[in-house]
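The residues making up each chain are set out below.
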2 protein chains.
Amino acid sequence: MSFIAEAKSLSISDPLTLQCGAVLPSYELSYETYGRLNADASNAVLICHALNASHHVAGVYADETGAIQPKSEGWWDNMVGPGKPVDTNRFFVIGVNNIGSCFGSTGPASINPATGAVWGADFPVVTVEDWVTTQAKLLDALGITQLAAVMGGSLGGMQATSWTLQYPERVRHAVVVASAPNLTAENIAFNEVARRAIVTDPDFHEGFYRRHDTLPRRGLRIARMIGHITYLSDDVMNAKFGRRLRDAVSNAVQRDYHFTTQGIEFEIESYLRYQGDKFAEYFDANTYLLITRALDYFDPARACGGDLSAAFAPVKAKFLLVSFSTDWRFSPARSREMVRALLDNHRRVSYAEVDAPHGHDAFLMDDSRYHGTVRAYFDKEVAV
Amino acid sequence: MSFIAEAKSLSISDPLTLQCGAVLPSYELSYETYGRLNADASNAVLICHALNASHHVAGVYADETGAIQPKSEGWWDNMVGPGKPVDTNRFFVIGVNNIGSCFGSTGPASINPATGAVWGADFPVVTVEDWVTTQAKLLDALGITQLAAVMGGSLGGMQATSWTLQYPERVRHAVVVASAPNLTAENIAFNEVARRAIVTDPDFHEGFYRRHDTLPRRGLRIARMIGHITYLSDDVMNAKFGRRLRDAVSNAVQRDYHFTTQGIEFEIESYLRYQGDKFAEYFDANTYLLITRALDYFDPARACGGDLSAAFAPVKAKFLLVSFSTDWRFSPARSREMVRALLDNHRRVSYAEVDAPHGHDAFLMDDSRYHGTVRAYFDKEVAV
C-alpha cells in the first residue's frame, strides 16, 4: 500500500502572457508534494506529466472520492515514493497539473473571469514553454531556486528538456524518458485524426458543449482508441490479445465467428472500447485538443533552422535519457538525436536504451532495468 | 496514355450460401478483361482487389464520366497492360469487383430482392472465401478451368492465397504481394477504430443512412485518415511532409505558428483532411465495415489450431511472394511466415523482400526492383 497524498492549490494573480500572445489574467495550479524540502532547498525534483495525467504523481488519496481519475493511485507511483527509484525519503518531489488540463489547474472547464462563463474553446492555446513558465512560478512560491532534477516521460520529457533551455541555471539534472526533440509527421498525423474525431462530433458544439449540457463522447472514445494503439507495441498486443475471440475458452480453443461488423468479435476490440468509454467519462475534450497541440508545437530546434545542437547551446543541466526498443511513437532514434545534440555541446549525458516489449507505455511500467537505471542515476548523480 | 477499358457485368442467379450462413438469392459481378483468352484458355490471370479498389484494374474509360473513383485510370495500371509486368499482350487479365463492395457488384447499396429496398446494414457479412467462390463462378462463365495465375496485394493477396486452398486444381501460380496469413491484433485494432468512427457517426443510422437521405461522412473521413497513416511509413511521411507548415515558403523558411487547435497548421494535416474528404464522397460506409471485417476474419490456419503449415497442405500452386521493408501494416515477417509454411509442404516458392521507403502503399507504386521481379516471374515461370 502506498502513502497518503494530498492535493494543494496555488493561486497566481500575475497576468501570464502566453506564447500565442493571449494573456491569462490569473490562474490556479494544482500540485502535490512528497517528502521534505531540505534546509538549503537543494533536494527538489519536479515531475512533469504527459497527456492524460496530472499533479497526482504518487500515493493514494485518503478519501477515494477525491480521486481525479478512476483509480486513486498516482500515475507514477511505481517510480516515486519512499524507497522508490525517485526516493521521497531523500528528495522533495513536486507534481504539478499543467494549465489547459482538466484535473484542477486552470483550463477550458474553468470560469473565464472576463465573461463569468466557462472558457470552453476560448481557452488560449498553451505550449510546453508556457507550462514550464508556470511551473517556475510554483517553484518561486515554494522557495526553490534550483531543481536537483526535472523529470518526465513522453510529453513530460519535453517539458524537462524545455526547462534546461528556458531556465538553464535552475536545473542541475534533466531525466527525459521515452521522449523526442519534436514530433514526426506520423505523430502529428495521429494527433490530428484524434482531434478531428472530437471536433466533428456533433456534440462538440465548436468546443462549447457544456453550454449544451452534453459532451463529445463519441469523439473522445475514438481519440483514446487511436492513442491507445500507438502507446502499445505490435508485439505486446499480440502477446496480450492476439486474435483471441471475446468469450473464447482460450487462444487454442476458439469459438465460431459471430459474423458481425458492429458487434465485438475479438478481445482487442473489447479492450479498446472499454478504454475509450472510460476515458470519455473523465477527460475533457478541449483539454485533449490543447495538449495534443502542445505536443505538435514543441520543437526547440525550430528557432535555429532545425539545428538541435545549436538549440541546445544554452543547456547547463546534466541529462539522463531513457528510451524503449519497441516504442514506435517516440523511438530510440529520437532520443539518440538528443544525446548527439547534447554531446555536440559537451554536456554530460547518460543514455539507456531499454529492451522492453511494452512500446511507449513502457515508461509507466515497473521494469527492473529501467527503474534500476533511474534509481542509480538519482543515487549517484543527482545525490544531494 | 493507357488503353481503353470497358466494364462488364455478369448476373448469377444461383443462390450463394455465404460462410456466415446467409444466402444471397442472386448477385451481379462487375468485371473487366484485358488481352485475349488463348485457344486452350490457359493464359488467364485473375487480379484480386484490396480495400477501396475495384474491377477497374488497368486502362482508362473512354468516357471519363463512367469513372468509379475520382480518377479514371485503373488502380494497378502501372502493373497490368500491354508491355507491363503482367503483359496483356500475352495474358488474359481479369479484374473483378467483390460482392459487398460499392463499385458495381452486388453490395449494401444494391436492392435486396426480398424487400425491394436497399440492403444497407442487412447485407450479410462476406469473407475472403466467399469472394473466391464468386470469382470461381465468373471463371466458369468465362470458360476458364484453370488460372495461369491469381494475383493480389494486401487483402487481394489474401484472396490469391485462399484460391490455392479452395481450388488447388484451378491455380498454377499465386502472386501474393504485401500480404499476410492473417491480421495481427494491431491490424484488427486499427480496423475497429475506423469502424467505430463510422458506426458512432449520428448520420450512420444503424447502417440505413440512405433511408435518411444522408451519409456518415464524418466517420468515413476519420476511417480514411487512420487508414492512410497506416499505409505510409514514418520515413516517407517525414520525407514528404515532415513538420512543414501549410503555406510555409519551404521546410527551411517557415512561417509563425497560428496557434490553433481546430485549424490546419501542418501540411500533413491538410493532406489527411483532403484524403478523408475525397474518400467520404465516393466510398460506401457499409462496404467499409464489410471489407475491414473480411480482413479481420481471414485466417486459414484457424481451422488447424493456428498451424499454417498444416493449413497449407492442400496447396498445389507455385508462389511468388513480395514484401516491402517499411511496410509496418503487413510486415515482411508475415510474408516469411507464409514462405516457411509453403516450404514445409515442399511447394515451390519465390520470395522477394524489396527495400522500399513507401510502407504498405509500396505495392501500388512503380518500383523497378519490385516490378522487375514480377515481370521476370510472369515471363519465366507463369509463361504460357
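Residues numbered from 1 in each chain as written. Chains lettered and ligands numbered in written order. Predicted model: local features only at pLDDT ≥ 70, side-chain atom pairs only at ≥ 80, totals over all residues. Heavy atoms only, no water.

(A) Representation of unusual backbone geometry within the structure. Residues and elements named next belong to chain A. If you check the backbone angles, Glu206 has positive phi at about 55° while not being a glycine. Note on Glu206: relative accessible area 62%, which makes it exposed. For Asp213, which is not a glycine, the phi torsion comes out positive at approximately 55°. Inspection of the secondary structure assignment puts Asp213 in the loop between helix 3 (185–199) and helix 4 (217–231). (Buried < 20%, exposed > 50% of the residue type's maximum accessible area, 1.4 Å probe, protein only. Helix = DSSP H or I, 4+ residues; strand = E, 2+ residues; numbered from the N terminus.)

(B) The sheet that holds strand 6 (residues 44–48) of chain B, seen in detail. All names here are of chain B. Pairing is mixed in the open sheet, where eight strands are placed in the order 2-5-10-6-11-12-13-14. On the outer flanks of this sheet lie strand 2 (8–12) and strand 14 (349–354), each paired with one strand and no other. Neighbouring strand axes in the sheet, compared pairwise and without regard to direction, differ in orientation by 20° on average. Relative to strand 14, strand 13 (residues 318–324) is paired through six bridges, and the arrangement is parallel. Its bridge partner being in strand 14, Phe324 is matched across the sheet by Val354. Against the sheet, helix 10 (residues 368–382) makes contact with strand 6, strand 11 (147–153), strand 12 (171–177), strand 13 and strand 14, and its axis sits at roughly 175° relative to strand 13, the strand it touches most. (Pairing = 2+ DSSP bridges. Axes fitted to C-alpha atoms, helices over the stretch in contact; angles between N-to-C directions. Contact = heavy atoms within 4.5 Å.)

(C) Quick look at the relation of the copies chain A and chain B. You can overlay chain A on chain B at an RMSD of 0.0 Å; the transform is a turn of 180° with a shift of 0.0 Å along its axis. Look at the turn and shift together and you get a two-fold axis relating the two. Take the interface residues of chain A: 100% of them recur as interface residues in chain B, which is what a same-surface contact looks like. (Least-squares fit on C-alpha atoms with pLDDT ≥ 70 in both.)

(D) Looking closely at the interface of chain A and chain B. Facing the 62 residues of chain A at the interface are 62 residues of chain B. Counting the surface lost from both chain A and chain B, the interface buries some 5,200 Å², and carbon and sulfur atoms represent 62% of this. For the pair chain A and chain B, the number of links is eight salt bridges. The residue Asp299 of chain B makes a salt bridge to Arg243 of chain A at a minimum N-O spacing of 3.1 Å. In this assembly, chain A and chain B are joined by 34 residue pairs in polar contact (both at pLDDT 80 or more). At the level of elements, helix 3, helix 4, helix 5 (234–240), helix 6 (267–282) and helix 7 (285–297) of chain A are the ones that each hand at least two residues to the side of chain A that touches chain B. (Buried area = accessible area lost by both parts, 1.4 Å probe. Salt bridge = Lys/Arg side-chain N within 4 Å of Asp/Glu carboxyl O. Polar contact = N/O pair within 3.5 Å; in protein donor to acceptor, adjacent residues only side chain to side chain.)

(E) Examining the pattern of salt bridges more closely. Counting across every chain of the model gives 40 salt bridges over all chains. The partner of Arg336 of chain B in a salt bridge is Glu353 of chain B, and the shortest N-O contact between them spans 3.0 Å. Taken as a pair, Arg336 of chain B in helix 9 (residues 332–344) and Glu353 of chain B in strand 14 lie far apart in primary sequence, 17 residues in all. The exposure class of Arg336 of chain B is partly exposed, given its relative accessible area of 35%. On the accessibility criterion, Glu353 of chain B (40% relative accessible area) is partly exposed. Among the ionic contacts, a cluster of salt bridges with common partners joins Glu192, Arg195, Arg293 and Asp296 of chain A together with Glu269 and Arg273 of chain B.

(F) Looking closely at the packing of helix 3 of chain A against helix 7 of chain A. Residue and element names in this part refer to chain A. Orientation of helix 3 relative to helix 7, taken along the N-to-C sense of each, is 160°, at an axis distance of 10 Å. It follows from the interaxial angle that helix 3 and helix 7 lie roughly antiparallel. The chirality of how helix 3 crosses helix 7 is left-handed. Listed contacts from helix 7 to Ile188, Asn191, Ala194, Arg195, Ile198 and Val199 of helix 3 are Ala285, Tyr288, Leu289, Thr292, Arg293, Leu295 and Asp296. (Parallel < 35°, antiparallel > 145°, perpendicular 65-115°, else oblique. Left-handed = near helix turned anticlockwise from the far one by under 90°.)

(G) Geometry of the sheet that holds strand 2 (residues 8–12) of chain A. All names here are of chain A. With respect to topology, eight strands assemble into an open sheet ordered 2-5-10-6-13-14-15-16, the strand pairing being mixed. Every interior strand has two partners, whereas the edge strands, strand 2 and strand 16 (349–354), have only one. Neighbouring strand axes in the sheet, compared pairwise and without regard to direction, differ in orientation by 20° on average. Where strand 6 (residues 44–48) meets strand 10 (residues 92–96), four bridges bridge the pair, whose relative direction is parallel. Across the sheet, the residue bridging to Ile47 is Gly95, located in strand 10. The strands that helix 2 (residues 155–166) touches are strand 6, strand 13 (147–153), strand 14 (171–177) and strand 15 (318–324); relative to strand 13, the one it contacts most, it runs at about 145°.

(H) Representation of the side chain of Gln135 of chain B within the structure. Along the chain, Gln135 of chain B turns up in helix 1 (residues 128–142). The residues contacting Gln135 of chain B, other than those within four sequence positions of it, are Leu46, Cys48, Val96, Asn98, Gln159 and Trp163 of chain B.

(I) Representation of the confidence of the model for chain A in the model. Mean pLDDT over chain A: 95, with 97% of residues reaching 70 or higher. In the model output, the complex is listed with pTM 0.95 alongside ipTM 0.94. (pLDDT = per-residue confidence, 0-100.)

(J) Representation of the side chain of Ser309 of chain B within the structure. Residues and elements named next belong to chain B. One can find Ser309 in helix 8 (residues 308–311). Assessed through its relative accessible area of 18%, Ser309 is described here as buried. Not counting chain neighbours up to four residues away, the residues in contact with Ser309 comprise Ala341, Asp344 and Asn345.

(K) Spotlight on the packing of aromatic side chains. For the structure shown, the criterion picks out 46 aromatic pairs over all chains. Aromatic pair Phe103 of chain A and Phe283 of chain A: ring centres 5.8 Å apart, planes at 75°, arrangement edge-to-face. Here Phe283 of chain A lies in the loop between helix 6 and helix 7 and Phe103 of chain A lies in the loop between strand 10 and strand 11 (111–112), a separation of 180 residues in the sequence. Note on Tyr297 of chain A and Phe266 of chain B: the rings are 6.4 Å apart at their centroids and 40° apart in plane angle, and the pair reads as tilted. A residue pair is termed interchain when its members come from two chains, as with Tyr297 of chain A in helix 7 and Phe266 of chain B in the loop between helix 5 (234–240) and helix 6 (267–282). Judged by relative accessible area, which is 4%, Tyr297 of chain A ranks as buried. (Phe/Tyr/Trp six-rings, centres within 6.5 Å; stacked < 30°, edge-to-face > 60°.)

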